[in-house]
Structures are given as structure tokens and as C-alpha cells.
Amino acid sequence: KNEVEQSPQNLTAQEGEFITINCSYSVGISALHWLQQHPGGGIVSLFMLSSGKKKHGRLIATINIQEKHSSLHITASHPRDSAVYICAVRLPGTYKYIFGTGTRLKVLA
Amino acid sequence: GAGVSQTPSNKVTEKGKYVELRCDPISGHTALYWYRQSLGQGPEFLIYFQGTGAADDSGLPNDRFFAVRPEGSVSTLKIQRTERGDSAVYLCASRPDGNTEAFFGQGTRLTVV
């Protein structure tokens, strides 16, 4: 079992839909990151969370440390949001990250 | 440049050859990471540098893999006697000190034929 699990693995949505991607982890962490990876491999960091909630534009990320769970929400989704979204956790006292396998999102026009 | 730069973007090499992959981190970032991403998988940690030293190289799969960062900026990942299983996207990330986000490069897609 992976230490970082994401669901769903694949998601297809219609433009305008509200999207939720989930991340559960089984290890203690010092921070959790949500990353966006477009075709071609480039990765962009969306959020870094250690507690609570963050919002940036149409993206919202939440984390529940007690439940070891985080969610990434996309409001009013758009085809340009199509990408792989990856959850990564940083282990306490280290700079090592463990990555989930990603959620492949496709938003249809 | 403003971001993390990796070169080459694509590399095709024959089995058994030696390859070098380069990462130019964001200026002033002391932390540098190498990851390997196989098809359909999340990135897998290889090595972490803090300054010039490898603070954690526990992710290097075997002794064919080696990485250096001699001046604390540019890093080179070196793979000897490449095997087909080494084919992957190799990602580099850098981060300033402290509890901050990491910035990723575009990756080098290595194909061993």
C-alpha cells in the first residue's frame, strides 16, 4: 500500500463543474503539497499546506491533520485545468517528499 | 532564467552508455532534489542536496547512479552503464531555505534503447 494515496486516479468533467481530488496519507508529515503536471512533464507547485485551508483563484486546498487527509477543489473548471494533479507530503525532520501517483483530470469543453 | 532549468529536455541513449543530466536551480536556492518519474507513477525521490553536499542519497537505486553539485548551484545526475529500466522522466526541484515550496524543472525524458 502506498504511503500517499490519491483518488480518483482518473477524472473527466464537463466545463464548469466543481471538482474534488482527494489525498490520504499514512505517515506523519510536516507539510503537504499539491502539484500540477502538464503533458511534457513540467510540474508547478499549487499549494503548500500544514494546516487549514488555502485559496488561490479557482483552486482551494484543505487539510485535516488528524484524519491525514487533504482535498483539492477546482471551482468552475475549464479545459485548461486538464492536467495530472499530484499530492506530495514532506516527512518531519527531513526534506524528503513522498508523492502520490496523481489524478489525471480531463475537462471537456 | 527565472525557473529551474533542466537540460537536455530529451535524451535517447543506447543500453550500456553513460549519460549526464543537468539541473540549473533557481539562483540562491540552497536545496536541490532529483526525482525519477516512470510512466503512470508519481515522482520517486533520488537524492537531496543542501548546498554542495548530498544530505540524503537514499533514493539512488544502485551504484550506477551518482549526482554532484560541486559549487552549490548546478547539479549533474550521472548514470553509468544505462539499462532500459532507467528510461523515465528525471525531474529536478530547488527550494530556498526554510519551510517553503519547491520549484520544479520541466524534466529530462531519458529513453534507453
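What counts, and at which threshold
- Residues numbered from 1 in each chain as written.
- Chains lettered and ligands numbered in written order.
- Predicted model: local features only at pLDDT ≥ 70, side-chain atom pairs only at ≥ 80, totals over all residues.
- Heavy atoms only, no water.
- Helix = DSSP H or I, 4+ residues; strand = E, 2+ residues; numbered from the N terminus.
- Buried < 20%, exposed > 50% of the residue type's maximum accessible area, 1.4 Å probe, protein only.
- Contact = heavy atoms within 4.5 Å.
- Polar contact = N/O pair within 3.5 Å; in protein donor to acceptor, adjacent residues only side chain to side chain.
- Disulfide = S-S within 2.5 Å.
- Buried area = accessible area lost by both parts, 1.4 Å probe.
- Nonpolar A, V, L, I, M, F, W, Y, C, P; charged D, E, K, R; others polar.

Caption draft 1: How the structure looks around the environment of Ile-65 of chain A. All names here are of chain A. Along the chain, Ile-65 falls in the loop between strand S7 (59–64) and strand S8 (69–74). The class for Ile-65 is partly exposed, based on a relative accessible area of 36%. Taking the C-alpha atoms as reference points, Ile-65 and Tyr-25, separated by 40 residues in sequence, lie 9.8 Å from one another. Apart from the residues within four sequence positions on either side, Ile-65 is in contact with Tyr-25 and Ser-50.

Caption draft 2: Seen up close, the side chain of Gln-36 of chain A. Residues and elements named next belong to chain A. One can find Gln-36 in strand S4 (residues 31–37). The buried category is assigned to Gln-36, whose relative accessible area is 13%. Among the polar contacts made by the side chain of Gln-36, one reaches the side chain of Tyr-85 at a distance of 3.0 Å. Residues in contact with Gln-36, not counting those within four places in the same chain, are Gly-42, Ile-43, Val-44, Leu-46, Asp-81, Ala-83, Val-84 and Tyr-85.

Caption draft 3: Local environment of the state of the cysteines. Summed over the entire model, instances satisfying the criterion amount to two disulfides over all chains. Linked covalently through their sulfurs, Cys-23 of chain A and Cys-87 of chain A form a disulfide whose S-S length is 2.0 Å. Its torsion about the S-S bond being -60°, the disulfide of Cys-23 of chain A and Cys-87 of chain A is classed as left-handed. Pair noted here: Cys-23 of chain A is in strand S3 (residues 19–25) and Cys-87 of chain A is in strand S9 (residues 83–90), with a separation of 64 residues, a long-range link. This pair shows no difference in class: Cys-23 of chain A is buried, exactly as Cys-87 of chain A is. Here Cys-23 of chain B engages in a disulfide with Cys-92 of chain B; their sulfurs sit 1.9 Å apart.

Caption draft 4: Quick look at the interface of chain B and chain A. Opposite the 21 residues of chain B that make contact, chain A presents 20 residues. Buried surface at the junction of chain B and chain A, summed over both partners, amounts to about 1700 Å²; 53% is from carbon and sulfur atoms. Put simply, chain B and chain A have one residue pair in polar contact (both at pLDDT 80 or more) between them. When residues of the side of chain B that touches chain A are assigned to their parent elements, the largest contribution, three residues, is made by strand S4 (residues 31–37) of chain B. Considered class by class, the residues forming the side of chain B that touches chain A number eight nonpolar, 10 polar and three charged.

Shape descriptors only; they carry no functional weight alone.
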